[in-house]
Amino acid sequence: MNGTAHAAVGAATGFIVANTYTAPPTETALLVSIGVVAGLLPDLDIDGKLRGRITLSHKLFQSVGQLIGILMIVYSMYEGNGTNQYIGLGIGLLLFVFTSFIKQRHMLTLTGIAVIAVGLSLQETWLFLLGIFILIASVVSHRSYTHSLLGVVFVGYIAYRLEMSIGLIGVQNTCLAGYISHLVTDSKFLPFNKRGVKLFLPLSSKEF
Ligand SMILES: [Zn+2]
């Protein structure tokens with residue numbers, strides 16, 4: 001499936017989760033955005049080690065980076081106070097601008113390192129772990145670890161820490177549902193997918 005389809009399915013899962021919690025409009029919008037990011041996250045590994053240069057997929061990298069930037073801005077408005085709020089705002093804006101220039105894969109590696117640094121300085125475990133995820137995704141081959149159960153567990157934990165940090169109920173379930181929706185729509189169970197996903201990496205390379 002392509003990025004747009006994954007984003008749409010992710011948005012829908014966010015909307016469904018928000019509705020099960022009868023979340024108010026702002027929180028629903030936030031959960032839908034988180035669903036979009038989660039639905040796109042597995043494909044941060046796109047192109048694998050095949051090419052150093054990102055062609056079609058660089059738009060996807062940009063969209064994810066920009067969404068994370070926007071979420072950080074919203075997050076700091078929502079959570080921060082005083083100086084913290086402005087630091088968060090600044091970093092969110094920087095990330096938004098920075099990722100707009102992502103054209104090559106090594107830029108994604110750099111983004112991962114930047115997110116790790118920001119996570120460490122803000123002492124936000126979820127952000128630090130998200131940076132690790134981005135860093136790993138930028139070096140593994142396409143449809144490997146980010147498309148496995150190991151990836152689901154890792155992202156589930158990041159989302160758990162994010163939910164604890166911002167205190168917004170539904171974040172973890174939205175992330176998990178959005179992420180899993182990507183693996184399901186990439187699986188061989190759907191007739192238009194020629195390749196499946198290696199769910200049990202590193203134990204087995206069988207495609208599902
Ligand atoms: Zn994928």
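Residues numbered from 1 in each chain as written. Predicted model: local features only at pLDDT ≥ 70, side-chain atom pairs only at ≥ 80, totals over all residues. Heavy atoms only, no water.

A.B. asks: Can you walk me through the coordination of the zinc ion in this structure?
C.D. replies: Ideal geometry at a metal centre: 109.5 degrees between donors when four sit tetrahedrally, and 90 or 180 degrees when six sit octahedrally. For the zinc ion, the protein coordination sphere consists of Asp43 (OD), His147 (NE2), His182 (NE2) and Asp186 (OD), at 2.0 to 2.2 Å. Taken together, the four donor atoms surrounding the zinc ion define angles of 90 to 170° at the centre, an arrangement classified as irregular. Site description for the zinc ion: donor spacing in sequence, D-x103-H-x34-H-x3-D. Highlighted residues: His147 in the loop between α6 (125–137) and α7 (149–166) and His182 in helix α8 (residues 171–186), separated in sequence by 35 residues. The residues His147 and His182 share a single accessibility class, namely buried. (Donors = N, O, S within 2.8 Å, 3.2 Å for Na, K, Ca; no water. Tetrahedral: all angles 85-135°; square planar, octahedral: opposite > 155°, others 65-115°. Helix = DSSP H or I, 4+ residues; strand = E, 2+ residues; numbered from the N terminus. Buried < 20%, exposed > 50% of the residue type's maximum accessible area, 1.4 Å probe, protein only.)

A.B. asks: Just checking my understanding: could you explain the packing of aromatic side chains for this structure?
C.D. replies: Given two aromatic rings, their pairing is described by the distance between the two centres and the angle made by the two planes. Within the structure shown, the criterion is met by four aromatic pairs. For the pair Phe133 and Tyr179, a centre-to-centre distance of 6.2 Å together with 75° between the ring planes defines the contact as edge-to-face. Within this pair, whereas Phe133 is found in helix α6, its partner Tyr179 is found in helix α8, the two being separated by 46 residues in sequence. By relative accessible area, which is 1% here, Tyr179 ends up buried. Taking the centre distance of 6.0 Å and the plane angle of 35° together, the rings of Tyr157 and Tyr160 count as tilted. You can see Tyr157 and its partner Tyr160 sitting in helix α7, three residues apart, about one turn around the helix. (Phe/Tyr/Trp six-rings, centres within 6.5 Å; stacked < 30°, edge-to-face > 60°.)

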